[in-house]
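Residue-level structure breakdown
This is what each chain is made of:
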Amino acid sequence: MTTTSCTEATSRPTAHYLLEGLCEIGIDFLFCNLGTDHAPIVEEMARWRRQGKAPPEVVLCPHEVVAIHMAGGYAMATGRGQAVVVHVDAGTANAAMGMHNLFRTRVPVLLLAGKAPFTSRGELPGSRDTFVNFVQEPFDMASVVRPYVKWSYDLPSGLIVKEVLRRAHSIMHSGAMGPVYLTVAREILTGEHDETDVRAFPESRFGAVANQGVDDEIVEVIADRLLAAENPILITAYAGRNPRAPGVIESLALFAGLRVYESNPLYLNVSRTSPCFAGLNTAEAVAKADFGLLVDVDVPWLPASANENPDAVWVHVDVDAIKKDCPMWGFPSHIRVQADSVRVLDRLLTVLQAKAPSAWREKARRRSANWPVPAAGAPVAFKPGRDGRMSAAFVCAELARFVDDDAIVVQEAITNVIPLCTHLPRTRPGTYFGNGGGGLGFGGGTALGVKLAHPDQLVVHVTGDGSFCFSSPSAVYAVSAKYGLPIFTVVLDNSGWGAVAGATTRVYPHGEAVAAGAFQADYSDGMRWEKVAEAAGAHGERVDDPQGLAPAIRRCLGEITLGRSAVLVVAIEAVRRPEKVPG
């Protein structure tokens, strides 16, 4: 009789392998708003802690708009996508607007949603046991976020959970990065499998695909076009997601006499006090340019307001040069290069330095010598405001007096982006973050995520009153207080929706709404936003007098040093009100 010995396998629930898989792909934080679908995960976390094991750290967020943007802010600041855990279709719906923002900003995040149990009579552990289990099962839950994800999947079995997680992680970090979506039902999470049957999928064999450069033949063509130019420009928005980009762009610009513009900047792409920085007004520049480099930019200018030079040569270098997720995209591109922009521009500079004749170098030097002082570095000369309401430019300039170059600005100023970028200039990589999407409420959670990534740096969140409202501020400052993440929020309060008034004016400049000042956008009788912040544990102030602004900023910064968030609401020039309200 022959006997064999074997090691007895240990059976674990899928929730255990899910946590292991999350750790293996480098998920440090789970930004959560949990529900009935997550009971197996909650139970497994408790078991891990009893056994001295460390699951990913849970950051509880009372609203999904905070959770999704907080994960996004952390990823923007570090380049490392994290996970957001939400409750079935309801949590997915609440997170959808944030998913839109992260998708358009190309930020890697894993959105993990539970699903309603699929058994009803106790056939499996985790079967339906409450009313909501029956009403939270739509026909196509992933359709809620499908336009805003690179990949979606429903986990069919715990046996492949680690393979699925690796796939999600690799896709969200490859090429043009972006969010992914994974769903899992409660019975799948409770189902048990032997450890020997659930294998790991290491990054070394199954990892993300890095962006590449381009061959020298194309670089030579680009260099020749640039050497023939008399008035070259560069327009960018998100090259600065790579911290090397600002230095490479500035070196190329100074060597080639190339003016640099930002269009809806999402990161700091070049020091805004550099002599090559020309500001955010690209419409006027494209009329004069005979050569343009579009570098990691989605909307380089507004065609309706720009008189494009039909003879200009345009080269587009982008991680997504064809804009595959935009149904229509009508900007000129004679040469399109889908590649890592830093690698391409770095090589372009090397090629130019090797082949540029002395006459061209002198011409480029003269162009540079004639550049005006960049707006962000020019002396500030304007009135603080009128009628008890400050100008946004004055507010940002005053704020700049107290904010050093290491402070990180998260902006959601909407109609006041240009004054903010001009008068609160950032000079160092990684000190400015903006939203590539169109969903308001981006700034609060993003600022928290950035603070989590850089706890020793001051994070300044500049927002409009509308975007502040959309950010779920009570949840923002509750998270700030619970986890010791103090941020300084400045609310530019124009008492309404300035974008609505602006759009109506542009479409109907001589219309009835303009004549009456009736834009259906006025909230001047509205909220005391600083009180909302106070209710959630933050310090809150409101200031209407320009003379009181600097002392208020000092007090708020003092609260930050004590570890408490501060919200300063500043009354700026208001959305115009109607003289009469009909009825």
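See the structure printed just above.
Residues numbered from 1 in each chain as written. Predicted model: local features only at pLDDT ≥ 70, side-chain atom pairs only at ≥ 80, totals over all residues. Heavy atoms only, no water.

Brief notes about the overall build of the protein chain
For clarity, the cut-off: The way it works is that DSSP assigns letters per residue, a run of H or I at least four long becomes a helix, a run of E at least two long becomes a strand, and they are numbered from the N terminus. Only the C-alpha atoms count toward the radius of gyration. The rule for a globule is 2.2 Å times the residue count to the power 0.38. Accessible area is worked out with a 1.4 Å probe on protein chains only. A residue is then buried under 20% of its type maximum, exposed over 50%, and partly exposed in between. The contact definition used throughout considers only heavy atoms, calling two residues in contact when any of these lie within 4.5 Å. Computed by Shrake-Rupley with a 1.4 Å probe, the accessible areas treat only the displayed protein chains as cover when residues are assessed. For this count, His and the chain ends are skipped, Lys and Arg are scored as positive, and Asp and Glu as negative. Charged groups are reduced to one reference atom each: NZ for lysine, CZ for arginine, CG for aspartic acid, CD for glutamic acid.
When helices and strands are counted, the protein chain shows 22 helices and 22 strands. For 583 residues, the compact-globule estimate of 2.2 N^0.38 gives 25 Å, and the protein chain sits close to it at 26 Å. Its C-alpha atoms put the protein chain at 95 × 65 × 45 Å along the principal axes. For the protein chain, the residues scored as buried account for 54% of the 583 residues in total. Considering only intrachain contacts with a sequence separation of at least 6, the fraction spanning at least 24 residues in the protein chain is 77%. If you sum the accessible surface of the protein chain, you get close to 24900 Å²; carbon and sulfur atoms cover 53% of it. Averaging the coordinates of the 54 positive side-chain charges in the protein chain and doing the same for the 62 negative ones gives two points 3 Å apart.

Side note on the packing of helix α1 (residues 14-24) against helix α2 (residues 39-50)
To keep it simple, the criterion reads: Angles here are taken between N-to-C directions and fall from 0 to 180 degrees, while the axes themselves are lines fitted to C-alpha atoms, restricted in helices to the stretch in contact. Each angle gets one of four labels, with under 35 degrees taken as roughly parallel, over 145 as roughly antiparallel, 65 to 115 as roughly perpendicular, and the rest as oblique. Each residue gets one label: Ala, Val, Leu, Ile, Met, Phe, Trp, Tyr, Cys and Pro are nonpolar, Asp, Glu, Lys and Arg are charged, and the others, such as Gly, are polar.
As a packed pair, α1 and α2 sit with axes 9 Å apart at the nearest point and diverge in direction by 70 degrees. By the angle between their axes, α1 is roughly perpendicular relative to α2. Residues Ala15, His16, Leu18, Leu19, Glu20 and Cys23 of α1 touch α2, and the partners they reach there are Pro40, Ile41, Glu44, Met45, Arg47 and Trp48. Broken down by class, the residue content of the contact of α1 with α2 amounts to eight nonpolar, one polar and three charged.

Some words on the sheet that holds strand β6 (residues 152-154)
What counts here: When DSSP finds at least two bridges between two strands, those strands are taken to pair.
Taken together, six strands build an open sheet; the order of strands is β3-β2-β4-β5-β7-β6 and the sheet is parallel. Each of the sheet's edge strands pairs with one partner strand only, and the pair in question is β3 (57-60) and β6. Averaged over all pairs of adjacent strands, the angle between their axes in this sheet comes to 20 degrees, without regard to strand direction. Pairing of strand β2 (residues 29-32) with strand β4 (residues 82-86) involves three bridges; the strand directions are parallel.

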